[in-house]
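Report on the structure
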Amino acid sequence: MTDARFTGLTRDSWAAVADHLLISLRGWASPEHARIDLPGQQSAYGPDSDSLEAFARSFLLAAIRLKGEDGKDPHDLAGWYAEGLRAGTDPGSAHAWPRPDQLGQAKVEACSIALGLHLSRPWLWDRLDDRDREQIVGWLATVVGEKYPPINWVWFQIVVETFLKSVGGPWSREDIDSGLAVHESLCRGHGWYADGPERAFDHYNGWALHVYPLLWASMDPGLCDPALMTAWRERLRDFLDSAVHLVGGNGAPLIQGRSLTYRFAAAAPFWIGAITGATDLAPGLLRRTTSGMLKYFLDHGVPDRQGLLTLGWHGEWPAIAQSYSGPGSPYWAVKGMLGLMLPASHPVWTAAEEPLPVERSDFTRELAEPGWLVSGTRADGIVRVVNHGTDHSVPGDERADSPLYARLGYSTHTMPPLSTAYWAQPLENTVSIVHPELGHSHRNGFTTVGTGASIASTHWVRTTDDAGPEHGSGRGGAVVAGPTVAMVSAMRGSHEVRAARIDPDAAVEPSYLLELSGWPLTSTTPPSATLDAGAEVRAAGLLSSVEGRIGFDGVDVRRSGEVEALGKHTAIPLVRAAAVAGQVFVAVVSLSGGQPEPVPNVAVDGGSIRVGWSDGSEEILSFG
């Protein structure tokens, strides 16, 4: 297929997947369709919330299909979901939904219902009788005047009240203006948003904070300040230029941040770019990017044999979920199918797929807002991020490191282990002070010094003290302070030069070690390992290695089982040395498809580190 030479997926392919997802849910629905009770681990909010999630999120996909087919409805999506809407909003029904003023999660799902009603209006809402409309408005109207947390949630209120306004229901200009003000406060520049006051940079940038503004603006153009619309379009244009560099040649989005079980929802901002024209990316590149994400998951068994989206990444793996996630949560993936609103004649469906940035050439980029150095290598399609700016926290916070945010590295081909042990201690892709009794120190709350540098007031945390819900941030508990450690990185191709220095004035116990660990590799069988001048592991066609260049005298491989979604066996290369105040420690940390370019030369020159790359260029690192 010449027009889809990378993925083989056409609009018809996408439509078939969408319809399969929708039809597969029907066997789990109550007779009047209001409840969809899916198998799997429940969320902290219980089965009523989980059931509503499955209905609301799948209804959004049904609305997308109706919109894109101009009402053509061979599966009676409009009729099937109309029955569910009627029963779910009927206070007298045995299957009535919890209202948004009764359950926080219902505030989220109300948005999908309102947006779905807006998109499918001629084929569903306009065909309901007055009693049904009044009932639905009454359920949605309980959002008016409610308080929403100052994160992406403000859009759930804005969208619902805008739909209510369009059908003559109650709404509040004050609610909308307040939510818009919160959204603007989240902007950090170059199209990046932080999802709240913390350094929370993740996929919510795309599937929430860029998607809702431009969809909302089309719901009622009179509500949106034209200057704000212009700003949102420019931000999306800037963001997509960065985001397209964070997609691997395998089609995977960057495996970082919470709510990863939404999977191909990461395609949503690219579709919004196509829908609105607010992007400089060519239609063929947009098509390759979005179809690449869908194909990545299709190729790894998503949806499952029952046609369901389970809690997991490839197959079912509940450990990936946060406490707010239940069996209906993964259906937020439908945002990644927004492109089905576009007709088959749209350029994004007719243009030939164009290669991703990582498929065209090697590249290195700096993303100042999240504090990431990014490297992509054409030979293996891997995109790597070295992280000195994101921890889902604020400077000075003394919680434990979140494996989803605070590790030094993330990629499109590896996943951070997420078992309890890895939430309790940073055991991969970090620099830690190892206490003989307290274990590995954390760097959460570090100070960012530049895109490739940070200073951590290391600390140990007794995470068993924290019995609260897990929403992606690091765990809390009693804290023991450790020494200050400066960390700095340079990245090129497959290699990162990672350096650390303990504060020269720090009091360091003789029993302390400094450990520097590399990329975790996972497969269905134990990865092979080699210990020599450095530590090296191989699995699933990947090579991960750490070579101590200055200050290190020990090498090892850490092995774990059943800790992440890519397989049963994980191995992590690492190097160690006695922790000495003022000592400069330097290692080369590498991740490749098996044939990396030559490693760089490294030399310490006074307080600086001179890096000589294989292409002849040089870079100077300094602790400041």
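The rules behind each value
Throughout this description, residue numbers start from 1 for each chain and increase along the sequence as written. Restriction of local features to residues with pLDDT of at least 70 applies here, the model being predicted, together with a cutoff of 80 or more for giving and counting side-chain atom pairs; totals for whole chains, interfaces and linings are based on all residues. The side-chain figures draw on all heavy atoms in the structure; neither hydrogens nor water molecules are used. For two strands to be treated as a pair, DSSP must find at least two bridges joining them. Runs of E in the DSSP output that reach at least two residues are strands. Runs of H or I that reach at least four are helices, and both are numbered from the N terminus. Only the contacting stretch of a helix is used when fitting its axis, a line to C-alpha atoms as for every element, and angles between N-to-C directions run 0 to 180 degrees. Any angle that falls under 35 degrees is termed roughly parallel, while one over 145 is termed roughly antiparallel, one within 65 to 115 roughly perpendicular, and all others oblique. Throughout, a crossing is termed right-handed when the near helix is turned clockwise from the far one, and left-handed when it is turned anticlockwise from it by less than a right angle. Any two residues whose heavy atoms approach within 4.5 Å at even a single point are treated as in contact. Note on aromatic pairs: the rings of Phe, Tyr and Trp (six-membered ring only in Trp) are paired at centre separations within 6.5 Å, and the planes decide the class, stacked below 30 degrees, edge-to-face beyond 60, tilted for the rest. Using a 1.4 Å probe on the protein chains alone, a residue whose accessible area is under 20% of its type maximum counts as buried, one over 50% counts as exposed, and one in between counts as partly exposed. Just to be clear on terms, a salt bridge is a Lys or Arg side-chain nitrogen sitting within 4 Å of an Asp or Glu carboxyl oxygen.

1. Observations regarding the sheet that holds strand β6 (residues 409–411)
The pairing of strands in a sheet comes from backbone hydrogen bonds and takes either a parallel or an antiparallel form. If you trace the 4 strands from one edge of the open sheet to the other, you get β3-β4-β5-β6, paired in antiparallel fashion. Looking at strand neighbours, the two that pair on one side only are β3 (363–367) and β6, the edges of this open sheet. Within the sheet, the average angular offset between the axes of one strand and its neighbour, ignoring direction, is 20°. Judged from the 3 bridges that link them, strand β5 (residues 382–387) and β6 form a sheet pairing that is antiparallel.

2. Description of the packing of helix α10 (residues 226–243) against helix α11 (residues 268–276)
For any two helices packed against each other, the geometry is given by the interaxial angle and the distance between the axes. In the contact formed by α10 and α11, the axes pass within 10 Å of each other and the chain directions differ by 135°. With respect to α11, the element α10 is oriented oblique. Between α10 and α11 lies a crossing whose hand is left-handed. Across from R233, L236, F239, L240 and A243 in α10, the residues of α11 making contact are P269, F270, I272, G273 and T276.

3. Describing the packing of aromatic side chains
Within the structure shown, the criterion is met by 29 aromatic pairs. Where Y204 meets W207, the ring centres are 5.5 Å apart and the plane angle is 75°; that geometry is what we call edge-to-face. Of this pair, Y204 and W207 are both found in helix α8 (residues 204–207), 3 residues apart, which corresponds to roughly one turn of the helix. Since its relative accessible area comes to 4%, Y204 is described here as buried. An angle of 65° between the planes, with centres 5.2 Å apart, marks the rings of W207 and Y262 as edge-to-face.

4. Concerning the environment of I502
Within the secondary structure, I502 sits in strand β12 (residues 495–502). Along the sequence, I502 and V589 sit 87 residues apart, while their C-alpha atoms lie 19 Å from each other. For I502, the contacting residues outside a window of four places in its chain are I433, P483, T484, V485, V508, L514, A579, V580, A581, G582 and Q583.

5. Brief notes about the side chain of T463
Here T463 lies in the loop between β10 (453–462) and β11 (478–492). Other than its neighbours up to four places away in sequence, T463 contacts A400, W423, A424, R475 and G476.

6. Looking at the pattern of salt bridges
Overall, the coordinates contain 39 salt bridges when judged by the stated rule. When the shortest N-O distance is used, the salt bridge between R35 and D48 registers 2.7 Å. Of this pair, R35 sits in the loop between α1 (11–25) and α2 (47–68) while D48 sits in helix α2, and the two are 13 residues apart along the sequence. According to the relative accessible area criterion, D48 is partly exposed, its value standing at 42%. Through salt bridges with shared partners, one network takes in R11, D19, R65 and E69.

7. Observations concerning the pairing of strand β16 (residues 534–539)
In this sheet, β16 lies alongside strand β15 (residues 528–531) in antiparallel orientation, the contact comprising 4 bridges. Following the sheet pairing, A529 is matched in β16 by V537. Following β15, the chain reverses through 2 residues before pairing antiparallel with β16. Taken together, the 6 bridges between β16 and strand β17 (residues 542–550) define a ladder with antiparallel strand orientation. What sits directly across from G534, in β17, is E547. Counting the residues in the hairpin turn of β16 and β17 gives 2 residues, including A540, whose phi is positive at 50°.

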